[in-house]
Structure formats: C-alpha cells, structure tokens
Amino acid sequence: MSEPPIIRVQGLRTQFGDTVVHDQLDLDVHRGEILAIVGGSGTGKTVLLRQMILLDAPRVGRIELLGRDCTRPRARDLRWIRERVGVLFQHGALFTAMTVLENVMLPLLEHSRLARATIQELAMLRIRMAGLPSAAAGKYPNELSGGMVKRAALARALALDPEIVFLDEPTSGLDPVGAAAFDELVMELKELLGLTVVMITHDPDTLWQATDRVAFLAEKRVVAVAPVAELVKSPQTDIQRYFSSARTQDRRAH
Amino acid sequence: MPEPVLPARITRDSDASIIRCEGDWSLEHLRRGLARLGRRDQRRQWTLDVSSIRRLDTAGAMLLLELQDQLPGKPAFDGLQARHAALLKLVEEHREPEPPPRPVRYGPLASLGKATMDVLAQTVAFLAFLGEFASDALPRLLRPFGVRWKQVVGEVQQAGVHALPILGLLSFLTGVVIAYQGGTPLEQYGANILIVDLLTITMLREMAPLMTAIIVAGRTGSAYAAQIGTMRITEETDALRTLGIGPLEILALPKLLALLIAMPLLTMFADVLGILGGMVVAHTMFDVSFTDFLNRMPEAIAPSSFWVGIIKAPVFAAIIVAVSCHHGFAVQGSTEAVGKATTRSVVQSIFLVIVADAAFSVIFNLLGL
Ligand SMILES: Nc1ncnc2c1ncn2[C@@H]1O[C@H](COP(=O)(O)OP(=O)(O)OP(=O)(O)O)[C@@H](O)[C@H]1O
Ligand SMILES: [Mg+2]
C-alpha cells in the first residue's frame, strides 16, 4: 500500500492506577478496509477504541486519524475529525429525550448546510438503510428493543456519511438474521462509499464474513494483524486458545 | 495528495438541453436549494449528465434522485460511473416515499384537560406510593435487625454532617438579620432586652425548622430524586426487584430513617447558631451583653418553644423523603425525566413543608402552646 494508513496508533501506553492495560501498542488501519479488534475480555479493546475516537487522550503514545496528528487535537481539528468519523457505542447511547428521527437528524442539523426538509429525508433514508421500519422513526429509545437501539445508533453513526466508522460490538444483541443483514450492510457501505470500519466484535460469523483483517489484542498490545484465515494458523498460544473454541470456528461451511 | 475541493454544482446548457452535475456531491459540499429547479426548467425535456461528479455519498445520491424526480419523464443519468450507480441503487431502495410519522399534538383544550388529569393521576400515584412504602417499611421496622443500619449511617453523614457548614452559616446570618431588624424599633422604646424574646421565639419555633427543611430539601431531596430516577433509567431498580430486594426498602427506607435522625439534630444546630448570631448583634449594637441575654432566655421562653420547633423536624423529614423518592421512582424513559423529577421534588417538598408548618401553627394555637 502506497497510501498512508487512515488510522495510525503508535507506542500507546494506557494505565489505570497500577494496572497497565496497553504497553507499546501499535496499530495501522488502511483506508477502505474492515478491521476487527478481538481479544479476551478485559484486554482493553473498549479502552483502545475510546482513545481512537478521541474521547480519552493517551498518556503516552501517538494517534493519527485521516493523516492528522490527533494526540492532542486542537478544537478546529477536532471538529473536522468529528464530521468524518462516526461511532456506534456498545449500548447505543441514543439521546433518550429525542425520538429516533431527531437522534439521527441532530448531527446533520449541526454540521450540514442543507434545508431542514432535506435533512429529515436524509435521516429517514439512514433509518431505513439501517434496517428499521419507518414507524420506528417517531419512537423514543425506551420504546425500542435492544436490536432496534443498535440499528438506530448505526443510523446516527452513519448520519454524516463518515469516512471512518467505529463499531463497538455491533451485532451483539441482534438475532442471527439481523446480524447477518447488519454485516451485509456494513460491507455494502464499505464497497460503495469507501468506508473504513473499525469494529470490536466477538461474533465469529462477522469475523469470518465481514472483516478484511483482524487485530488480536493480548499481552497489552496488538500481537497480530492478519486476515482471519491466516490468523487462525498463527502459533501464538493466546490466539490458538481464542480460535480453538468451537464458537469461533468458521461456520460458513456448515 | 489531498485533491482540491470542488463544491457540488449544477450547470444548465439550455441550447443542448443538458443539466450537468459536477464536483463533490458529498455532505459537506452540499447546500440547501442545490437540487431545486425553477418551474420553467421543470417543464422542459433535459438530459441529466452526471459524468463529471467526482465524489458521491448517500446524501449526494439522494439529492441527485430528487433532481431526477423533478424533471419530466425522469431522464436516466448520463455517464454514470459504475460505483455511483450501485450507490444510487442502494439509496433508491431505501428512500422513503411517505413522510415520517408526525408526533401527536394537542390543542389548548385537550392540553388543559390532560394537565388536569395528570395532576389527579399524580396525586393518586403519590398516595399509592405512600401506601406501598408503608407496607414495605413497617414489617422491616418491626424487626430492627432487618434494617440496613450501615446505609442509614452513611445517609446521616451525607444529609446531616455534610450539611452543617452551610446550615450553620445561613442560620447565623438569619439570627443576625432578625436581631438587627427587630432591635431597631425595640430600641426606640428602650426595650432592648426584648430582642431576646423576639429572637429566641422566632428562631426556635419557626426559622430553624424551616431553614433546615428548605436546605435539606434542596440539598438532599434533590439528590435522592436524581439518584433513584437515574437508577430507574439504567434499570437498576428492576434488577433489584429480580434479585428479590424491594427497591423501596433498600433505597427509600434508609433515607427516611436517616433524615428522621438527622433533621431534629440539624434543627437544634440551627437553633444554636441562629441565637448565637442574634446574640452577637444584640451585644455589639444594642448593648445587651451575652450574660444579660442568657439570663433573660429562661424567662423569655417556655421550654415548649424548643420542643414545638423540634417536633416539626421529623414530619418535615418524612415529607421530604416521601416526595423526593416518589418523584425518583416515577421517572420513566428519558434522562430529561430525571431533571424534571429533581426539580419537582424540591418544589413540592418545600411547598408541602410550608403547608405543614401552617397546619402546625393552627394546631399549636388550639393547644395553647
Ligand atoms: N475508567 C477505568 N478505570 C480503571 N480501570 C479501567 C477503566 N476502564 C477500563 N479499565 C480497565 O481496563 C481494562 C480493559 O477494559 P476494556 O473495557 O477495554 O476491556 P474490553 O477488552 O473492552 O473487554 P470486553 O470484551 O469485556 O468488553 C480492564 O481491566 C478494566 O478493568
Ligand atoms: Mg468492551
């Protein structure tokens, strides 16, 4: 690849009190790929994601997004980045005082110069693309099922046609059909929009079907980044253990 | 290698009947009215040339489709790149023909009716809450070992000990103000010593219990409503229920006990600081020395004045806990509801405290206290 990586994490060290979560962690994400971050529970996936979406500043190390140094971003850079990065939080984080439609319209109203009617239509488009029925648009988050919350949150994450989307466990809590449709949608958007996707997932179907590369977190760093089919052949014990469990086998053939 | 920015544009070539779309048709380069055509344009036959569109995202795709819809005969896109075609197809599939559902709006009369019914429903709900609370709490209180005393102690610390500085300061200042305002007219009659009567009676009977109740309602009642309301949103109260723990018993009962203990003590503290404030003013401005003041006090007031004030405190405590916990547990759905519950709990507790205070005055009057 001649193009520089769209996300570059270098020498990251994260520490809470005495517990070191990351040490000397490096990770590159290329433009237009779907990268999954996997690893056992508590290996610091969510923490890494929070640093990549610039919610927590790294104490030690460097983070670059879209070719800009974002370790200590200035307000103007931050706004520029925010318009190009969408985030789906693990539990949706929808604004409970707003309807689904208003949730999706909010970033558009804030960042675009389109007329309100167009924005509303655009928001409806996102909601339907995320696989929600139109009737859900007028509902409040507490009136939605868990899976619907995920979809609504995806609609909001995609609202600004971002270049990068971060997904924290996007398919957990979805039924298998819904999860497969979710993967399809993400892949389709990647193809059509050149979207870069970084996701945390434990869903083996997603890993095998939807990802281009998988980054494996263990021993406080990314121990391997490779397409999943290569990764399973890795001799590393942590990786072997993770993939030897029947749950993480490739189930496509079965 | 950043490419130069080319905002989305439409150019019309009227001679050749071509509408050309150019530039970056992506969200940040789109603006309102871009895809609106004049009435005259809408009547002509056009060819839609999209070959020089560079970037296209879903927002741009939607505007393109909108543009196409306005043209007679829906001309096909000319020179469409394969990548863009797939995107247009995706957007077309998910485009919403009908507008989104409108939220229900009430007329003025309906709103009034709804507001009235809401007030009634709230009153009923409050009474139901009191009943539930009583039936939950009484069996516990009959077996004192079952009460969570550790929590009670923690709540006493939060609601009582931590309130001492602010309550002390405000009571002191209130004492200062009462003594100063009351002392000036008394001085004209040479009745300076009566400051003692004025100050001790108002402080002990009214000011100290009220000030304490208002501060506790604002500081602690609001915190109770916010805490319980948030726990409702995060389903923590439901989790308690599934674990076989009554949310009222674990959340509301320790708070009630804590305030029943803390508020009489806080009221006494306010008594002392208020009178101290008055004493300082009496001494410095009205020539009533500390000794005179203290000597006069037993003559000025009957011991009942003290008890009349203190007895109000537990009642106020019960009002504050009941109102704030009720509003906390009534929270549903949104975080906004938590804010509303907090406001309501403070306003209604203070309101009810003052109503109760008036009722006390009538009762004590009848009893001749
Ligand atoms: N705010 C915090 N304060 C202290 N420790 C934290 C904090 N956030 C995370 N940690 C610790 O950092 C480690 C990594 O947490 P993280 O949430 O990133 O795990 P994870 O890889 O996302 O796990 P899972 O797969 O279970 O979601 C954990 O040991 C956690 O206890
Ligand atoms: Mg996590």
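Residues numbered from 1 in each chain as written. Chains lettered and ligands numbered in written order. Predicted model: local features only at pLDDT ≥ 70, side-chain atom pairs only at ≥ 80, totals over all residues. Heavy atoms only, no water.

A.B. asks: How should the packing of helix H4 (residues 116-129) of chain A against helix H2 (residues 58-70) of chain B be read in this particular structure?
C.D. replies: Any two packed helices are characterised by how steeply their axes cross, that is the angle between the axes, and by the distance between the axes. As a packed pair, H4 of chain A and H2 of chain B sit with axes 10 Å apart at the nearest point and diverge in direction by 115°. Judged by the sense of rotation from one axis to the other, the crossing of H4 of chain A with H2 of chain B is right-handed. Only Thr58, Ala59, Met62, Leu63 and Glu66 of chain B of H2 of chain B make contact with H4 of chain A, whose side of the interface consists of Thr118, Glu121, Leu122, Leu125, Arg126 and Met129 of chain A. (Axes fitted to C-alpha atoms, helices over the stretch in contact; angles between N-to-C directions. Helix = DSSP H or I, 4+ residues; strand = E, 2+ residues; numbered from the N terminus. Left-handed = near helix turned anticlockwise from the far one by under 90°. Contact = heavy atoms within 4.5 Å.)

A.B. asks: Quick question: what am I supposed to make of the environment of serine 334 of chain B here?
C.D. replies: Residues and elements named next belong to chain B. Mapped onto the secondary structure, serine 334 falls in the loop between helix H11 (303-329) and helix H12 (335-367). The exposure class assigned to serine 334 is buried, which follows from its relative accessible area of 13%. Taking the C-alpha atoms as reference points, serine 334 and glycine 229, separated by 105 residues in sequence, lie 9.7 Å from one another. (Buried < 20%, exposed > 50% of the residue type's maximum accessible area, 1.4 Å probe, protein only.)

A.B. asks: It is not clear to me how the site of ligand 1 should be interpreted in this structure. Could you clarify?
C.D. replies: Residues and elements named next belong to chain A. Phe16, Val21, Gly40, Ser41, Gly42, Thr43, Gly44, Lys45, Thr46, Val47 and His202 make up every residue found near ligand 1. Within the backbone of glycine 44, a nitrogen or oxygen atom sits 3.0 Å from an oxygen atom of ligand 1. Backbone polar atom of valine 47 to an oxygen atom of ligand 1: 3.0 Å apart, as the coordinates give it. Notes on ligand 1: free accessible area 630 Å², of which the protein chains cover 56%. With three residues, helix H1 (residues 45-52) is the largest single contributor of residues to the shell around ligand 1. Among the residues making up the shell around ligand 1, the classes are represented as three nonpolar, seven polar and one charged. (Near = heavy atom within 4 Å. Polar contact = N/O pair within 3.5 Å; in protein donor to acceptor, adjacent residues only side chain to side chain. Areas by Shrake-Rupley, 256 points an atom, 1.4 Å probe, with all protein chains shown as cover. Nonpolar A, V, L, I, M, F, W, Y, C, P; charged D, E, K, R; others polar.)

A.B. asks: Where do I start with the interface of chain A and chain B in this structure?
C.D. replies: When the parts come together, some accessible area is lost, and that loss is often what is quoted as the size of the interface. On the side of chain B, 28 residues touch chain A, which itself brings 29 residues to the contact. At the boundary of chain A and chain B, one finds one salt bridge. The residue arginine 95 of chain B makes a salt bridge to glutamate 121 of chain A at a minimum N-O spacing of 3.6 Å. Summed over the shared surface of chain A and chain B, the number is five residue pairs in polar contact (both at pLDDT 80 or more). Contributions of two or more residues to the side of chain A that touches chain B are made by helix H3 (100-111), H4 and helix H6 (176-193) of chain A. Split by residue class, the side of chain A that touches chain B holds 15 nonpolar, seven polar and seven charged. (Salt bridge = Lys/Arg side-chain N within 4 Å of Asp/Glu carboxyl O.)

A.B. asks: What should I look at first to understand the sheet that holds strand E7 (residues 164-168) of chain A in this one?
C.D. replies: In any sheet, the strands associate via hydrogen bonds between backbone groups, in a parallel or an antiparallel arrangement. All names here are of chain A. Pairing in this open sheet of six strands is mixed, and the strands run E6-E7-E8-E3-E9-E10 from one edge to the other. If you trace the sheet from one side to the other, it starts and ends with strand E6 (85-88) and strand E10 (221-226), each paired once. Adjacent strand axes in the sheet meet at a mean angle of 15°, parallel and antiparallel pairs treated alike. Pairing analysis gives four bridges linking E6 to E7, with the strands arranged parallel. Across the sheet, the residue bridging to valine 85 is isoleucine 164, located in E7. Strands in contact with H6 are strand E3 (34-39), E6, E7 and strand E8 (196-200); relative to E3, the strand with the most contacts, it is inclined by about 135°. (Pairing = 2+ DSSP bridges.)

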